[in-house]
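One-letter residues, chain by chain:
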Amino acid sequence: MALNLQYEAIGKGFVQQYYAMFDDPAQRPSLANMYNIESSFMTFEGVQLQGSVKIMEKLTSLSFQKINRIITAVDSQPMFDGGVLINVLGRLQSDEDPPHAFSQTFVLKPLGNSFFVQHDIFRLGIHNTA
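Residues numbered from 1 in each chain as written. Predicted model: local features only at pLDDT ≥ 70, side-chain atom pairs only at ≥ 80, totals over all residues. Heavy atoms only, no water.

## Side note on the UniProt feature "domain: NTF2" (unreviewed entry) in the protein
The sites that UniProt annotates as "domain: NTF2" (unreviewed entry) are residues 10-124. End-to-end, the C-alpha atoms of residues 10-124 are 24 Å apart, and along that stretch the chain is 20% helix and 47% strand. (UniProt positions renumbered as here; feature names shortened; annotations may be inferred. Helix = DSSP H or I, 4+ residues; strand = E, 2+ residues; numbered from the N terminus.)

## Quick look at the nonpolar core
Residues Phe14, Tyr18, Leu31, Tyr35, Leu59 and Ile86 are the most contacted members of the largest nonpolar core, which totals 29 residues. Elements with a minimum of two residues in this core: helix H1 (7-22), strand S1 (41-44), helix H2 (52-61), strand S3 (67-78), strand S4 (84-94), strand S5 (100-111) and strand S6 (114-124). With 7 residues, the top contributor of residues to this core is H1. If near-sequence neighbours (up to four positions away) are discounted, leucine 59 is found in contact with Tyr18, Phe22, Arg28, Leu31, Tyr35 and Met42. (Core = buried A, V, L, I, M, F, W, Y, C linked by side-chain atoms within 4.5 Å. Buried < 20%, exposed > 50% of the residue type's maximum accessible area, 1.4 Å probe, protein only. Contact = heavy atoms within 4.5 Å.)

## Considering the side chain of arginine 69
You can see arginine 69 is positioned in strand S3. Looking at arginine 69, its side chain comes within polar contact range of the side chain of aspartate 23, at 2.6 Å. Excluding anything up to four places from it in sequence, arginine 69 contacts Tyr19, Phe22, Asp23, Arg91, Leu92 and Phe102. (Polar contact = N/O pair within 3.5 Å; in protein donor to acceptor, adjacent residues only side chain to side chain.)

## Brief notes about the pattern of salt bridges
If you walk through the whole model with that rule in mind, you get 6 salt bridges. For the salt bridge of lysine 12 with glutamate 8, the shortest nitrogen-to-oxygen distance reads 3.7 Å. Within this pair, lysine 12 and its partner glutamate 8 are both found in helix H1, separated by 4 residues, close to a single helical turn. When its relative accessible area of 46% is taken as the criterion, lysine 12 is described as partly exposed. Across the pair lysine 54 and glutamate 57 runs a salt bridge, and its minimum N-O distance is 3.9 Å. Separated by 3 residues within a single helix, lysine 54 and glutamate 57 lie in helix H2, roughly one turn from each other. Accessibility expressed as a relative area gives 45% for glutamate 57, which makes it partly exposed. (Salt bridge = Lys/Arg side-chain N within 4 Å of Asp/Glu carboxyl O.)

Laid out in structure tokens, this is it:
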């Protein structure tokens, strides 16, 4: 398979769709369709999860009711298997918590005429300076 020359548009479009669904509690369960039942991995704040069931258990267990997100940058790269590597940098605020920087990295793997999230790494930019 060759490099996907549409990687920039795919990355930006994916990020827009993913966060629109994630940030709406009514749509968040639909994110399950973006992950594979076995071969998707997520690392959420250092906790490793495998498969869409475990990933969705984590995402639906998050207790915030509202989220305010600002995307600072979306950087994408093509992969030799036709996939797309995406890195997102931004700031989010959940409920009445103070805003925090965050970073999230995705690897989209081709599946027919579409993609699924094969890898997803999320981390808040909180530094322990003690």
